[in-house]
Every structure is written in structure tokens, then in C-alpha cells.
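Residues per chain, in single letters:
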Amino acid sequence: MDDSNLDRFIGRRLRVDVFAATGTPLLSAGTQLERGHLRLLESNKIVLSSKDVTAFFIEEEASIMEAVSDIRHVFQSVTAGRKLPVDYVNERILPKVLDMASRHGRLIDLLQLLQDKDEYTYKHTFAVGVISSIIGKWLGIRGQELIRLAMAASVHDIGKSEIPSELLLKPGRLTEAEFDLMKRHADQGYELLLASGLDERTALVALQHHEREDGTGYPKGLHAGHIHFFSKIVAVADVFHAMTSNRVYKSAMPFYDVLSLMWDGKLGAFHAHILHVFIKQIMELHIGKSVVLNDGVPGKIIYVSSSAPLKPLVDRQGEIIDLSRERELTIREWV
Ligand SMILES: [Fe+2]
């Protein structure tokens, strides 16, 4: 390991226990890495990979977790007072959502950080705020419009503050009656946001984020033309984050698998252009990154096409593989 290689791990936390070749424990998971730790690993000829450490530096992680705890506070004060603390959201949560959204290259890292199922509702709220804002930017939304989108996305599930926590945290499938109760968070969010003085458009996102283009969503079963554009953006962010997260009743799915299901229309009918931009841009974030294909051979993503963004061109030591043509080859692992 050279110094520059070492430096990128300093200030991050180990995700795994590390042992010497003899089996002697060297460092335990959770250790915040300092130069001395890295020297110790080096002297034991242990090379860390980025998968072995947390994606964010400790301070970044602290700021994100503070936003999650601020969101918990918002939910709790809504439960107690039935009103959204609008100033608090504007002052404490929105800046963090927008700051994270300005670092869209860290999107997959953010998923990893927020993947733990504890406090899912709050982590999900933050993630959907960030992902929706990133999608908004990718679609060319800027300035006050972007702030409005970030706000609407950051309170999209606020109606869940009125759903009993036993139901929110129930492992396993919901009964039909329970699902009906859960669905009410959309209407409840809409009413609560209007009663808190927020504008119709923001409240509509809470109401419509489970609607789908083909009318199969809820609560009203609206068709495409009746669903607000912001609601369509938040719908994509909502499903993407929910599927890439651990829940009390299921494990997280890898982001690429979720994107593939969304592309194939298996997770509901989303607005085609929003979904296309979202998938293409996420794939473009991985240009230059290493992957392993299902034949076990590693390579590097070099190009993402508009027509088949999930089937990029992969460079395998000079041999260029077009995954849209080599149908039997797929990406098995992201390194
Ligand atoms: Fe929801």
C-alpha cells in the first residue's frame, strides 16, 4: 500500500474484523482507522479494499445520521401535535438533503450507509429526499423548484406518523385490513401538510407518491395525466430506496437488480422518461468501475448507452464486451 492508498482509508470505519495470517485478531469491526492502524495492516501484508471500510468519513456519517435523527424528531412532533414543524424542516433537514444531493456520486454509498433496518422510516425519508432531489437535478430542475421538490420528497411519508408503529414494524405480510390502514398514510399526509400551511403541490406528493402511470396505484388509482410530475419523481425514488433497503420482513436487494426490475416494469408503471434518466445516470456513475461478469472474468464499465443503459460496454483487458449483444453475459458483481 502506498501512502495515497492508505490516506483514503483514514477516518473511515472498518466494516469487518481483521485477522493476521496466524489467526490473531488485529483490528475489530467499527475501528476508526488512523495511520497507525494502516501501518499495522501493512506490516501484516493485509490489503484493504473499499468494501472493507465504511463509504463515508466519520464526520460525514455523523451529519447524515443527525439528519435521520432530526427526521425522527419531526415524526414525533407531528404525532404529538398533528402539525408539521415547517421551520424546523426548512432549517435542519432541507440543507442536509440538498447538500447530500449535490454529491450525487455518493448515491450508492448513501444506500449502504442507510441500509440498516433500524429506524427505517426516518432513514427512508432522508434517502427519498436526497434521491428525488438528485433525479430532479438530472431532469434539469434548479433553484426554488428544486428546493420545493426536496421539501415535498422529505415529507412524502409524514402521514405514517399517524400509523401505529406495530404496523410499520410488522415483520411479514400485512393482512388486507392492515394494508388498507397503511394506505391511509397518503391521505393523512396530504391533509396534515395542508393543515400545516404547506402548498397544494407539496401536499400532492404525499397524496400521490403511490399512484402509478397505469392507474394501479393508490389511494385513488389515478392515471398518468392526473399525477403531478413531482409525485412521479418521488415514486421512483421511493421504490428504489425501499427495495435496496433491509426491512423487518425482507433483505436488501442489490441496486442493479432493483434497477433491472424497474426497467422491466416489474415494480410498477413509472413515468418512462424519469425512470430512463434515473437508470442511465446511475449506471453512468459506474463508468470506470470494476465489475465481474457471470463467467467470472473481471472488467471495467466504459460506456452506458441510452437504448440499453443496464447493458453497458465492458472492457476486459482490451476486449470490449457489449452486454446488450452478448445476451448470455451479465454483471454478477460490483467491485
Ligand atoms: Fe409512502
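In this text the structure is predicted, and so the values were computed from the model without any measurement.

Quick word on the overall build of the protein chain
Helix and strand counts for the protein chain come out as 13 helices and 7 strands. Rg of the C-alpha trace for the protein chain: 21 Å, near the compact-globule value of 20 Å for 335 residues, within the 12% margin. Taking the principal axes of its C-alpha atoms as reference, the protein chain extends roughly 60 × 45 × 45 Å. Taking all 335 residues of the protein chain together, the buried fraction comes to 47%. Of the contacts formed within the protein chain by residues at least 6 apart in sequence, a portion of 61% connects residues at least 24 apart. For the protein chain, the centre of its 40 positive side-chain charges and the centre of its 44 negative side-chain charges are spaced 1 Å apart.

Things to note about the layout of surface pockets
With a probe scaled to a water molecule rolled over the atoms, the places where space remains empty come into view. In this structure, the largest pocket occupies an estimated 1200 Å³ of space. What lines the largest pocket is a set of 39 residues, among which Lys-160, Phe-179, Met-182, Arg-247 and Tyr-249 lie closest to the centre. Breaking the lining of the largest pocket down by element, the ones donating at least two residues are helix H3 (58-81), helix H6 (120-138), helix H8 (165-168), helix H9 (176-195) and helix H11 (229-243). In terms of residue class, the lining of the largest pocket is made up of 18 nonpolar, 11 polar and 10 charged.

Notes on the nonpolar core
Formed by 83 residues in total, the largest nonpolar core has its most connected members in Leu-84, Phe-126, Ile-131, Ile-158, Phe-240, Leu-259 and Phe-278. Counting contributing residues per domain, this core is built from domain 2 (58-282) and domain 3 (286-334), each supplying no fewer than three. Among the nonpolar cores identified, the runner-up in size contains 10 residues, and Val-18, Leu-27, Leu-33 and Leu-41 belong to it.

Quick look at the packing of H11 against helix H13 (residues 272-284)
At a closest axis distance of 10 Å, the pairing of H11 and H13 adopts a crossing angle of 45°. Overall, the two elements H11 and H13 adopt an arrangement that is oblique. Where H11 crosses over H13, the two elements pack in a sense that is right-handed. From H11, Phe-229, Lys-232, Ile-233, Val-236 and Phe-240 reach across to H13, where they touch Ile-274, Leu-275, Phe-278 and Ile-282. Here the contact of H11 with H13 is composed, by residue class, of 8 nonpolar, no polar and 1 charged.

Here's the deal with the domain arrangement of the protein chain
Segmentation of the protein chain into domains returns domain 1 (3-52), domain 2 (58-282) and domain 3 (286-334). Computed from C-alpha coordinates alone, the two centres of domain 1 and domain 3 are separated by 30 Å.

Observations regarding the UniProt feature "domain: HD-GYP" (unreviewed entry) in the protein chain
Taking the numbering used here, the UniProt-annotated feature "domain: HD-GYP" (unreviewed entry) corresponds to residues 99-294. In residues 99-294, helix accounts for 57% and strand for 2%; the two terminal C-alpha atoms are 37 Å from one another.

With respect to the packing of aromatic side chains
A full pass over the atoms with the stated rule returns 6 aromatic pairs. Ring geometry for Phe-75 versus Tyr-122: centroids 5.4 Å apart, planes at 65°, classification edge-to-face. Taken together, the positions of Phe-75 in helix H3 and Tyr-122 in helix H6 put the pair 47 residues apart, joining distant regions of the chain. Assigned by exposure class, Phe-75 and Tyr-122 land together as buried. For the pair Tyr-256 and Trp-334, a centre-to-centre distance of 5.3 Å together with 55° between the ring planes defines the contact as tilted. Of this pair, Tyr-256 sits in helix H12 (residues 255-263) while Trp-334 is found in strand S7 (residues 331-334), placing the two residues 78 residues apart along the sequence. Here Tyr-256 falls in the buried class, since its relative accessible area comes to 9%. One aromatic cluster is present, formed by Trp-138, Phe-240 and Phe-278 through successive ring pairs. Arg-12 extends its terminal NZ or CZ atom over the ring of Phe-57, reaching a point 4.4 Å from the ring centre. Directly above the ring of Tyr-218 sits Lys-183, whose terminal nitrogen or CZ lies 5.6 Å from the centroid.

Thoughts on the environment of Ala-152
Its place among the elements puts Ala-152 in helix H7 (residues 143-154). Discounting chain neighbours no more than four positions away, the residues touching Ala-152 are Thr-202 and Val-205.

Topic: the sheet that holds strand S4 (residues 298-303)
Neighbouring strands of a sheet are bound in pairs by backbone hydrogen bonds; such pairs are parallel or else antiparallel. Judged by pairing direction, the sheet is antiparallel, and its 5 strands sit side by side in the order S6-S5-S4-S3-S7 without closing on themselves. In this open sheet, the two edge strands, each paired with only one partner strand, are strand S6 (319-322) and S7. Strand-to-strand, the axes of this sheet are offset by a mean angle of 40°, without reference to chain direction. Both strand S3 (residues 290-293) and S7 contribute to a ladder of 3 bridges, which runs antiparallel. If you follow Val-291 over to S7, its bridge partner there is Trp-334.

Scoring rules and cut-offs
Residues numbered from 1 in each chain as written. Predicted model: local features only at pLDDT ≥ 70, side-chain atom pairs only at ≥ 80, totals over all residues. Heavy atoms only, no water. Helix = DSSP H or I, 4+ residues; strand = E, 2+ residues; numbered from the N terminus. Rg over C-alpha atoms; globule rule 2.2 N^0.38 Å. Buried < 20%, exposed > 50% of the residue type's maximum accessible area, 1.4 Å probe, protein only. Contact = heavy atoms within 4.5 Å. Lys, Arg positive; Asp, Glu negative; His and termini not counted. Charge placed at Lys NZ, Arg CZ, Asp CG, Glu CD. 1 Å grid on protein atoms, 1.4 Å probe; cavity = no way out; pocket = protein on both sides within 12 Å on 5 of 7 lines; lining within 4 Å. Points joined across faces, edges and corners; volume = space filled by probe spheres on them. Nonpolar A, V, L, I, M, F, W, Y, C, P; charged D, E, K, R; others polar. Core = buried A, V, L, I, M, F, W, Y, C linked by side-chain atoms within 4.5 Å. Domains from an automatic or database assignment. Axes fitted to C-alpha atoms, helices over the stretch in contact; angles between N-to-C directions. Parallel < 35°, antiparallel > 145°, perpendicular 65-115°, else oblique. Left-handed = near helix turned anticlockwise from the far one by under 90°. UniProt positions renumbered as here; feature names shortened; annotations may be inferred. Phe/Tyr/Trp six-rings, centres within 6.5 Å; stacked < 30°, edge-to-face > 60°. Lys NZ or Arg CZ within 6 Å of the ring centre and 35° of its normal. Pairing = 2+ DSSP bridges.

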